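Breakdown of the fold
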Amino acid sequence: MSKIDYQSLLDRALKTVVKDALTHAQFNGLADGTHFYITFKTREAGVVLPDFLRIRYPDIMTIVLQYSYNNLHVSDKEFGVQLTFDGRPFFIRVPFSALVEFKDPSVDFMLSFHPKVNPAADNDMELPLDDKPGTVPDPGRVVSLDEFRKNRKQ
């Protein structure tokens, strides 16, 4: 018989609280003073971020939903929202499985999560692929930048 994973059950229940709070904000907006700080793992599967943000925040990122957010969409597994970074709007998507922390400082409310550890990568090119047993990955040709520099000078 297997043990009951209470931490997993608790995380799932608390993520429902986050989903419901975000759904409320999606349909009703946020009351004056209400704002959400949402911290998530940027390398979690399903997270969609512009490349410059993934470089700037390689592990964890916190976003704030208060005044300047648009197009908040919440589903059972994730939420997406348009935020402004460096003066330009970008749409990001965050699965609830990537959540690390959720705060609403206006009412002194905070939830912490314990996301499962997934293989991390330093960049998108190093994310693990679904390898088929018995196959050897082709490393490809390594090209030196010096080859291009020499050709360009000629």
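Calculation rules
Residues numbered from 1 in each chain as written. Predicted model: local features only at pLDDT ≥ 70, side-chain atom pairs only at ≥ 80, totals over all residues. Heavy atoms only, no water. Helix = DSSP H or I, 4+ residues; strand = E, 2+ residues; numbered from the N terminus. Buried < 20%, exposed > 50% of the residue type's maximum accessible area, 1.4 Å probe, protein only. Pairing = 2+ DSSP bridges. Axes fitted to C-alpha atoms, helices over the stretch in contact; angles between N-to-C directions. Contact = heavy atoms within 4.5 Å. Lys, Arg positive; Asp, Glu negative; His and termini not counted. Salt bridge = Lys/Arg side-chain N within 4 Å of Asp/Glu carboxyl O. Polar contact = N/O pair within 3.5 Å; in protein donor to acceptor, adjacent residues only side chain to side chain.

A few words on unusual backbone geometry. Of note in this structure, Asn71 is not a glycine but carries a positive phi near 50°. Along the chain, the position of Asn71 falls in strand 3 (residues 69-74). The backbone of Asp108 sits at a positive phi, close to 55°, despite the residue not being glycine. One can find Asp108 in the loop between strand 6 (99-104) and strand 7 (109-112). A relative accessible area of 75% means that Asp108 is categorised as exposed.

Burial of strand 2 (residues 60-65) is one-sided: the residues Met61, Ile63 and Leu65 facing one way are buried, the residues Ile60, Thr62 and Val64 facing the other way are not. Taken together, the six bridges between strand 1 (residues 36-41) and strand 2 define a ladder with antiparallel strand orientation. Counterpart to Ile38 in the pairing with strand 2 is Ile63.

We now examine the sheet that holds strand 1. Across the sheet, four strands lie side by side as 2-1-6-7; this open sheet has antiparallel pairing. Only two strands of the sheet have a single partner each, and these edge strands are strand 2 and strand 7. Looking at each pair of strands side by side, their axes are set apart by 10° on average, direction ignored. In the packing of helix 1 (residues 6-28) onto the sheet, the strands contacted are strand 1, strand 2, strand 6 and strand 7, and the crossing angle to strand 7 comes to about 135°.

The next subject is the side chain of Asp104. Take Asp104: it is sitting in strand 6. Buried charge without a partner: Asp104 forms no salt bridge, and the closest opposite charge is Lys103, 11 Å away. A polar atom in the side chain of Asp104 sits 2.6 Å from the side chain of Ser106.

Honestly, that's just the spatial picture; any functional story needs more than this.
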